[in-house]
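Geometric and topological summary
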Amino acid sequence: MMKAMVNAQYGSPEVLQLNELPIPEPGDHDVLIRVHATAVNIADVRLRKADPWAVRLFFGLTRPRKKVLGGVFSGTIIRVGKEAKLFSPGDVVFGSTDLHFGAFAEYMVLPQDGPIALKPTEITHREAAVIPFGVNTVMHFFKKAQIKPGQKVLINGASGAVGTAAIQIAKYFGAEVTGICSTGNLELVRNLGADHVIDYTRDDFSTQGKQYDVIMDTVGKLSYSAMLKSLKADGTLILSSAGMGSTLRGMWTNLTSKRTVLAGVIKETAANVNFVKGLIETGRYQPVIDRTYSLEQMPLAHTYTEQGHKKGNVAITIYQAQ
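In every chain, residue numbers begin from 1 and rise along the written sequence. Predicted model: local features are reported for residues with pLDDT of at least 70 only, side-chain atom pairs are reported and counted for 80 or more only, and whole-chain, interface and lining totals are derived from all residues. The basis for the side-chain values is all heavy atoms of the structure; hydrogens and waters are excluded.

For the rest of this paragraph, the subject is the nonpolar core. The set of buried Ala, Val, Leu, Ile, Met, Phe, Trp, Tyr and Cys residues whose side-chain atoms join them within 4.5 Å is what this entry labels a nonpolar core. Any residue under 20% of the maximum accessible area for its type is buried, any over 50% is exposed, and the rest in between are partly exposed; the area is computed with a 1.4 Å probe on protein chains only. Counting 46 residues, the largest nonpolar core has I131, F142 and Y285 as its most contacted members. The leading source of residues in this core is helix α4 (residues 131-145), at eight residues. By definition in these notes, contact holds between two residues if any of their heavy atoms fall within 4.5 Å. With near-sequence residues (within four places) excluded, I131 lies in contact with F94, I123, V276, I280, Y285 and P287. Counting residues in each nonpolar core, the second largest holds 37 residues, with M5, I77, V93 and Y293 among its members. Runs of H or I in DSSP of at least four residues are treated as helices and runs of E of at least two as strands, each being numbered from the N terminus.

Let's shift gears to the environment of L255. Topologically, L255 is positioned in helix α8 (residues 244-256). On the basis of relative accessibility, which here comes to 69%, the residue L255 falls in the exposed class. Between the alpha carbons of L255 and T305 there is a distance of 36 Å; along the sequence they are 50 residues apart.

For helices, the fitted line uses only the C-alpha atoms of the stretch in contact; every axis is such a line through C-alpha atoms, and the angle between N-to-C directions lies from 0 to 180 degrees. Relative orientation of the contacting elements α4 and helix α9 (residues 270-281) amounts to 110°, with a least axis distance of 9 Å. Put simply, α4 runs roughly perpendicular to α9. Two secondary-structure elements touch here, α4 through I131, V135, N136, M139, H140 and K143 and α9 through N272, V273, F275, V276 and I280. Basically, the charged four are Asp, Glu, Lys and Arg, the nonpolar ten are Ala, Val, Leu, Ile, Met, Phe, Trp, Tyr, Cys and Pro, and anything else, Gly included, counts as polar. Counted by class, the contact of α4 with α9 contains seven nonpolar, three polar and one charged residues. Any angle that is under 35 degrees is reported as roughly parallel, and any over 145 degrees as roughly antiparallel; angles of 65 to 115 degrees are reported as roughly perpendicular and all others as oblique.

Quick look at the packing of aromatic side chains now. Between two aromatic rings, the relevant description is the distance of the centres plus the angle of the planes. Aromatic rings from Phe, Tyr and Trp, with only the six-membered ring used for Trp, were paired whenever their centres fell within 6.5 Å, and each pair was classed as stacked if the ring planes differed by under 30 degrees, edge-to-face if by over 60, and tilted otherwise. Across all of its chains, the model carries four aromatic pairs by this definition. Centre to centre, the rings of F59 and F101 are 5.7 Å apart; their planes meet at 65°, and the pair counts as edge-to-face. Taken together, the residues span a long stretch of sequence, with F59 in helix α2 (residues 55-59) and F101 in the loop between β5 (92-96) and β6 (107-111) at a distance of 42 residues. Both residues of the pair, F59 and F101, count as buried. A ring pair is formed by Y172 and F173, whose centres lie 5.5 Å apart and whose planes are at 65°; its orientation type is edge-to-face. An aromatic cluster is built from Y172, F173 and F275, whose rings are joined through pairwise contacts. Its end group placed over the ring of Y319, R34 keeps NZ or CZ at 3.5 Å from the ring centre. To sit over a ring, a charge needs its Lys NZ or Arg CZ within 6 Å of the ring centre and within 35 degrees of the ring normal.

Moving on, we come to the side chain of T305. Inspection of the secondary structure puts T305 in helix α10 (residues 298-306). We classify T305 as buried; its relative accessible area is 2%. With near-sequence residues (within four places) excluded, T305 lies in contact with V40, N41, I42, V45, K310 and V314.

Take the environment of A161 next. With respect to the helices and strands, the residue A161 is situated in helix α5 (residues 161-172). Taking C-alpha positions, A161 is 17 Å from K267, a pair spaced 106 residues apart along the chain. Apart from residues no more than four positions distant in its own chain, A161 is found in contact with N41, F133, G134, K310, G312 and N313.

Laid out in structure tokens, this is it:
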């Protein structure tokens, strides 16, 4: 048996209950992973509470079909299926669970060909676990935007899980990066490599007369018209946290102008995880952790994440390797 944080119904963080479940068995092409660490991201919060309501159309109308959430992890492969050849027992790995979920538990099973890579030895399990959510989101959209050296990139929510990844990856691609954040996060955003920082509590980016090649709103809080005002005529607007209204407006913009608006569900890949693995190993990527909780404290981690003020990521420690 194993401990797992079970989400048997939609609702507040209190619906999360620590239970004992059977350790899952890997199929022929699967790997069984002992989870050392995971993270709580805004996507976990939205799934837990079915917000927006459309979540229910995919994950269960009245109650969640996936009762153990958790979309990122770092851990050790314990067993592999008889046809699984990509990894071996004892391999230390990190990555995303895609739509399989299950990382809020001591053990989980994933397909061997999922978004999984060997963990860099330079970082801890806790640091490795918080990386894939932001990196997969950023890489999905940046590849579509085809960011080039010298382009001016504006990132809103620059101190969050996606924002901290976006700054570092945009700088890797050679962009000139401006980050928008609150006063308390200015130093963090600068230290991650942002060339310019805007304190949204004091300044409005749209009144500064600057035009950007790429604008990425990671938290869905910027005015759509204000973003278009600051976007070049052939620029790209990335709405990584868009609601239905912004998504529909983006479709209209795509039809009626030379601008490109990107939104929608991301595709998580092993290539993205291996990409950031290389950045870490060459000292070009820094995971950012705000707070760390235990598996038993998962409701507290959800509560804190839902408040929307975290710096980087919220980590969950599940198993301490000896």
